[in-house]
Amino acid sequence: MYHSNGNFEAFARPVKPEGVDNKSAYLIGGGLAGLAAAAFLVRDAQMKGQNIHVLEQLKIPGGSLDGICEPQGWVIRGGREMENHFECLWDLFRSIPSLDVKDASVLDEFYWLNKKDPNYSHMRATIEKGKPAPDLGKFTLDETATKEMVELILATEESLNDKKINEVFGKNFFKSNFWLYWRSMFAFEEWHSAMEMRRYVMRFIHHLDGLPDLSALKFTKYNQYESLVLPLVDYLKKNGVQFMFSTIVKDIEMDLSGGKKTAKKILYTQDGKDGSINLTENDLVFVTNGSITESSSLGDHKTPAKLNSSPGGSWGLWQTLAAKDPAFGKPAKFCGDIPKTKFISATITTLDDKIPPYIEKICKRDPFAGTVVTGGIVTVKDSSWLLSWTLNRQPHFHKQGKNELVVWFYALFNDVPGDYVKKTASECTGIEIAQEWLYHMGVPENQIPELAEKSTNTVPVMMPYVMSYFMPRRIGDRPLVVPQGSVNLAFIGNFSETERDTVFTTEYSVRTAMEAVYTLLNVDRGVPETFASAFDLRILLSASHEWLDKKKITEIKLPFILRWLEHKGLEKAKGTFIYEMLEKSGLV
């Protein structure tokens, strides 16, 4: 497997790998990583669909890409933000036919939609019951915080082993709007991994200008289950891929002799009945190890969501495998501290015309127009829960009622009392979560109880492992996509290790799936490299301009290259490409 960039590789169709007709594949986990691996096996490895088997513990595929109508009501446990440089994701979905647009791929549909209706936010953060937060659009990073940011970028990953974000940044950084925007958009806590924070800064440095108004983001038309998962599953089934639902893989027996790692047998239960699959070296196994939505539990309008601390199938299998060989990672680093990895989200469905005017007042758009509504999350800066909420394009479900709006809500701080509801988010019923939301929306307090109860249906969900991606880690805690010496076993998904990319993204799931398939089957086509934004001087200069709230070089005094330029004199740079780049970045 090798990385590449450019159209020469992007448009290439690889030669059929030698011996692939005699091989089969078993995908453990039917989330995006498993489904993507199956698609790459079909499209690029040209494996027979009937030789590909997806084993999924739930009754439906999709993993964390969800969107469903449960008996409690509409449910979305979260959403995945996407951008134009998700190279592997778009490489996949260019080949998947849309279910909604005739003669179009999912990528075509997505591209046309986001060109016609680009995403941006009119109100990124509020205070005092719906008023604009101060300094909207500015990062408010002072000289010390900016210096710390530069030092983080210049650090090696090895130097950040097990370090927390609050060990590399001081108190001024955490007071900045940058941190407010950053933490609420990605769900970072101060004690999360500094290593992952660095990856995020470098990975998305080209989007700093779109961070305050979320114009960097792109979204599907409907929820991601209907817009991404269903077309992908339809493609796989039409190509003969086999699905085994309600199937929990308990163990994979391994032969670890002779410096090799060979999967020999899969042990599973399906609908409570034990089963096994004997494997040869021609039988490839792709394991999605760990899941952020594992053991999720729903409450309802009148009942809190209860915490389920079971490791479930995904964490249980990873723990079993990790006990066999150190190369299979350390799951305890990610799933071993539920108080730090859990949080509450909720799906709030408005049922009549009483609440939408408050939404429209904040987002400054008609939420029923079928176009962008909030343009991403709205964070309530003065909320004790640090709550955020968002409405994507409505309807969010194909079968959603015409008078309904579906809102996604989450509380970053689960275990502190609310400002209206004097309970923690973890303790709240759906009604109480809706009350806290309405309070911060500016609804008169005497109307809040009735509107929350009768004008919404709110379904809370407790996710014990949703923050596990960001737990402090060191190199080696996540297994390599294909561990050294592995003959027929690969790890895929956000708890496997690949180069430079960031977790909590659809891109990471698809990238690891692509790398795994191309490695185990020796597919002769490059995997698109992670977008090299941090290695482009033009982008770094533009990012500096954004970090400094669009100040010019002459207005700042900072200990990095811009100060050197100030001392040497900008006049000397005039007439050179250096000055031209500075002009384009806005620094002069």
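Rules of the game
- The numbering scheme is per chain: residues are counted from 1 as the chain's sequence reads.
- The model is predicted, so local features are restricted to residues of pLDDT at least 70 and side-chain atom pairs to those at 80 or more, both for listing and for counting; the totals for chains, interfaces and linings are taken over all residues.
- Calculated side-chain values reflect all of the structure's heavy atoms, with hydrogen atoms and water omitted.
- Only DSSP runs of H or I covering at least 4 residues are called helices, and only runs of E covering at least 2 are called strands; the numbering of each starts at the N terminus.
- For the radius of gyration, the atom set is restricted to C-alpha positions; the globular benchmark scales as 2.2 Å times the number of residues to the power 0.38.
- When accessible area is computed with a 1.4 Å probe and restricted to protein chains, residues below 20% of their type maximum are described as buried, those above 50% as exposed, and intermediate ones as partly exposed.
- Under this rule, positive means Lys or Arg and negative means Asp or Glu; His and the chain ends count for nothing.
- Just so you know, the charge point we use is NZ for Lys, CZ for Arg, CG for Asp and CD for Glu.
- Salt-bridge detection follows one rule: a side-chain nitrogen of Lys or Arg within 4 Å of a carboxyl oxygen of Asp or Glu.
- By definition, residues are in contact when any of their heavy atoms lie within 4.5 Å.
- For the purposes of these results, a polar contact is taken to be a pair of N or O atoms within 3.5 Å, where, inside protein, one atom must be able to donate a hydrogen and its partner to accept one; residues adjacent in sequence count only when each atom of the pair is a side-chain atom.
- Grouping buried Ala, Val, Leu, Ile, Met, Phe, Trp, Tyr and Cys residues that are joined through side-chain atoms within 4.5 Å yields what is termed a nonpolar core.
- Classification of ring pairs uses Phe, Tyr and Trp, with its six-membered ring standing for Trp, and accepts pairs whose centres are within 6.5 Å; under 30 degrees between planes counts as stacked, over 60 as edge-to-face, and the remaining range as tilted.
- Here, a charge over a ring is recorded when the distance from Lys NZ or Arg CZ to the ring centre is within 6 Å and its angle to the ring normal is within 35 degrees.
- Residue ranges labeled as domains rest on an automatic or database domain assignment.
- In this description, strands pair whenever DSSP reports at least two bridges between them.
- Here an axis means a line fitted to C-alpha atoms, over the contact stretch when the element is a helix, while the angle between two N-to-C directions is reported on a 0 to 180 degree scale.
- Throughout, the term roughly parallel applies to angles under 35 degrees, roughly antiparallel to angles over 145, roughly perpendicular to angles from 65 to 115, and oblique to all others.
- For this scheme, ten residues count as nonpolar: Ala, Val, Leu, Ile, Met, Phe, Trp, Tyr, Cys and Pro. Four count as charged, namely Asp, Glu, Lys and Arg, and the remainder, Gly too, count as polar.

The chain has the name Oleate hydratase in an unreviewed UniProt entry, where Breznakiella homolactica is given as its organism.

Draft legend 1. Spatial organisation of the overall build of the chain. Each helix and strand counted, the chain has 20 helices and 20 strands in total. Computed over C-alpha atoms, the radius of gyration of the chain comes to 24 Å, within 12% of the 25 Å expected from 2.2 N^0.38 for 588 residues, which places it in the range of a compact globule. When its C-alpha atoms are laid out on the principal axes, the chain stretches across 70 × 65 × 45 Å. Here the chain holds 588 residues, and 60% of them are scored as buried. Across the chain, the centroid of the 69 positively charged side chains sits 1 Å from that of the 74 negatively charged ones.

Draft legend 2. Region of the structure containing the pattern of salt bridges. Summed over the entire model, instances satisfying the criterion amount to 32 salt bridges. For Lys333, the salt bridge goes to Asp477, with nearest N and O atoms at 2.5 Å. Linking Lys333 in helix H11 (residues 332-335) with Asp477 in the loop between strand E18 (456-463) and strand E19 (489-492), this pair joins segments that are 144 residues apart in sequence. Across the pair Asp536 and Arg538 runs a salt bridge whose closest N-O atoms are separated by 2.7 Å. The class of Asp536 is buried, set by a relative accessible area of 18%. Arg538 sits in the exposed class, given a relative accessible area of 55%. When salt bridges with common partners are traced through the structure, they connect Glu157, Glu196, Arg199, Arg473, Arg478 and Glu497 into a single cluster.

Draft legend 3. Seen up close, the environment of Glu294. Here Glu294 lies in the loop between strand E12 (283-288) and strand E13 (297-298). Of the residues examined, Glu294 reaches a relative accessible area of 7% and is grouped as buried. Once the C-alpha coordinates of Glu294 and Asn278 are considered, the two residues, 16 residues apart in sequence, prove to be 27 Å apart. Those residues in contact with Glu294 that sit more than four places away from it in its chain are Gln57, Pro311, Gly312, Gly313, Ser314, Trp315, Pro464 and Tyr465. Here Gly313 takes part through its backbone nitrogen, which lies 3.4 Å from a polar atom of the side chain of Glu294.

Draft legend 4. Geometry of the nonpolar core. With 122 residues, the main nonpolar core has Leu41, Phe173, Phe178, Trp182, Met197, Phe286 and Trp547 as its most contacted residues. Residue contributions to this core peak at 10 residues, all from helix H2 (residues 32-43). Dropping the residues within four chain positions of it, Trp547 is found in contact with Phe139, Leu141, Met149, Ile153, Phe178, Val201, Ile205 and Leu208. Judged by nonpolar contacts, the second largest core, of 35 residues, contains Cys363, Ala411, Ala434 and Leu438.

Draft legend 5. The packing of aromatic side chains, seen in detail. Applying the stated criterion across every chain yields a total of 36 aromatic pairs. Pairing Trp385 with Phe409 gives two aromatic rings, centres 6.3 Å apart and planes at 85 degrees, and the pair type is edge-to-face. Remark: Phe409 occurs in strand E17 (residues 405-411) and Trp385 occurs in the loop between strand E15 (378-380) and strand E16 (387-390); sequence separation between them is 24 residues. The class for Phe409 is buried, based on a relative accessible area of 0%. A cation sits over an aromatic face here: Lys340 above Trp191, 5.4 Å from the ring centre. One Lys or Arg, Arg365, reaches over the ring of Tyr120 and ends 4.5 Å from the middle of that ring.

Draft legend 6. Summary view of the domain arrangement of the chain. Taken domain by domain, the chain comprises domain 1 (18-67 + 80-100 + 221-334 + 471-523), domain 2 (116-126 + 343-463), domain 3 (139-210) and domain 4 (551-587). Distance between the C-alpha centres of domain 1 and domain 4: 48 Å.

Draft legend 7. Geometry of the sheet that holds strand E2 (residues 24-28). Spatial ordering of the open sheet is given by E8-E3-E2-E12-E19, a layout of five strands whose pairing is parallel. With partners counted over all chains shown, the strands left at the sheet margins are strand E8 (242-244) and E19, one partner each. Between one strand axis and the next, the sheet turns through 20 degrees on average, direction left out of account. The pairing of E12 with E19 spans four bridges and is classified as parallel.

Draft legend 8. Broad picture of the packing of helix H7 (residues 177-186) against helix H8 (residues 194-203). Put simply, H7 and H8 touch, their axes get as near as 13 Å, and they point 100 degrees apart. Taken together, the axes of H7 and H8 are roughly perpendicular relative to one another. Between H7 and H8, the contacting residues are Phe178, Trp179, Trp182 and Phe186 on the first element and Met197, Tyr200 and Val201 on the second. For the contact of H7 with H8, the residue count by class is seven nonpolar, no polar and no charged.

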